[in-house]
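Chains, contacts and geometry: an overview
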Amino acid sequence: MSVQLVAPAPANHTPRVLNPELVERLATLTKAERELRAMGIEIEHSMLTIGRPEIGIRRRPGQSLAALLDRMGPRDYRQAIHQVEVRGAFMDCTVSWMESRA
């Protein structure tokens, strides 16, 4: 068994992976996810992207999203064959879900 001594990083060393910006973005994402869960909304996926963090939610039949809609910013609607994707800003994240076309 050998012991290898590793010098500590210099005081002016800035982390490259868990840098302050990434930690702040993770905190923003986590805070938004907790709020959505507190509203009874199921999260399908979340990811850090170049822009705002993104959260995809599952809309259950008959579930009201009124509490979320009241707190969201403007929304975009993207048409698909049998569904519409709804996307909007919520707590510095982009939240999206699919709606059936009527």
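Everything that follows concerns the structure shown earlier in this document.
Starting from 1, residues in each chain are numbered consecutively following that chain's sequence as written. With pLDDT at 70 or above as the cut-off, local features in this predicted model cover only qualifying residues; side-chain atom pairs require 80 or more to be listed or tallied, and sums for whole chains, interfaces and linings still use all residues. In computing side-chain values, all of the structure's heavy atoms are included and hydrogens and water are not.

**Digging into the nonpolar core**
Stated formally: Put simply, a nonpolar core is a bunch of buried Ala, Val, Leu, Ile, Met, Phe, Trp, Tyr and Cys residues held in one set by side-chain atoms that sit within 4.5 Å of each other. Between buried and exposed lies partly exposed: a residue is buried under 20% and exposed over 50% of the maximum accessible area for its type, with that area taken using a 1.4 Å probe on protein chains only. Secondary structure is summarised from DSSP: a helix means a run of H or I of at least four residues, a strand means a run of E of at least two, and numbering begins at the N terminus for each. Here a residue-residue contact requires only that any non-hydrogen atoms of the pair lie within 4.5 Å.
If you look at the biggest cluster of nonpolar residues, it comprises 15 residues, and the most contacted ones within it are Leu-36, Ile-55, Ile-57, Leu-68, Phe-90, Val-95 and Trp-97. Elements represented by at least two residues in this core include exactly α1 (20-38), β2 (54-58), β4 (83-90) and β5 (93-100). Once residues lying within four places of it in the same chain are set aside, the contact partners of Ile-55 are Leu-29, Ala-32, Glu-33, Leu-36, Ile-43, His-45, Ser-46, Cys-93, Thr-94, Val-95 and Ser-96.

**Focus: the pairing of β2**
Rules: For two strands to be treated as a pair, DSSP must find no fewer than two bridges joining them.
In terms of residue burial, β2 counts as a mostly covered element, since 4 of its 5 residues are buried. Sheet topology places strand β1 (residues 42-47) next to β2; 5 bridges connect them, and they run antiparallel. The residue bridging Ser-46 from the neighbouring strand is Ile-55, located in β2. Counted along the chain from β1 to the antiparallel partner β2, the turn is 6 residues long. As paired elements, β2 and β5 share 3 bridges and run parallel to each other. Residue pairing for β5: Gly-56 is matched across the bridge by Ser-96.

**Considering unusual backbone geometry**
Peptide bonds are, in most cases, trans, and in most cases residues other than glycine have a negative phi. Even without being a glycine, Met-91 presents a positive backbone phi close to 50 degrees. One can find Met-91 in the loop between β4 and β5. One non-glycine residue, Asp-92, lies in the positive phi region at around 65 degrees. Here Asp-92 is to be found in the loop between β4 and β5.

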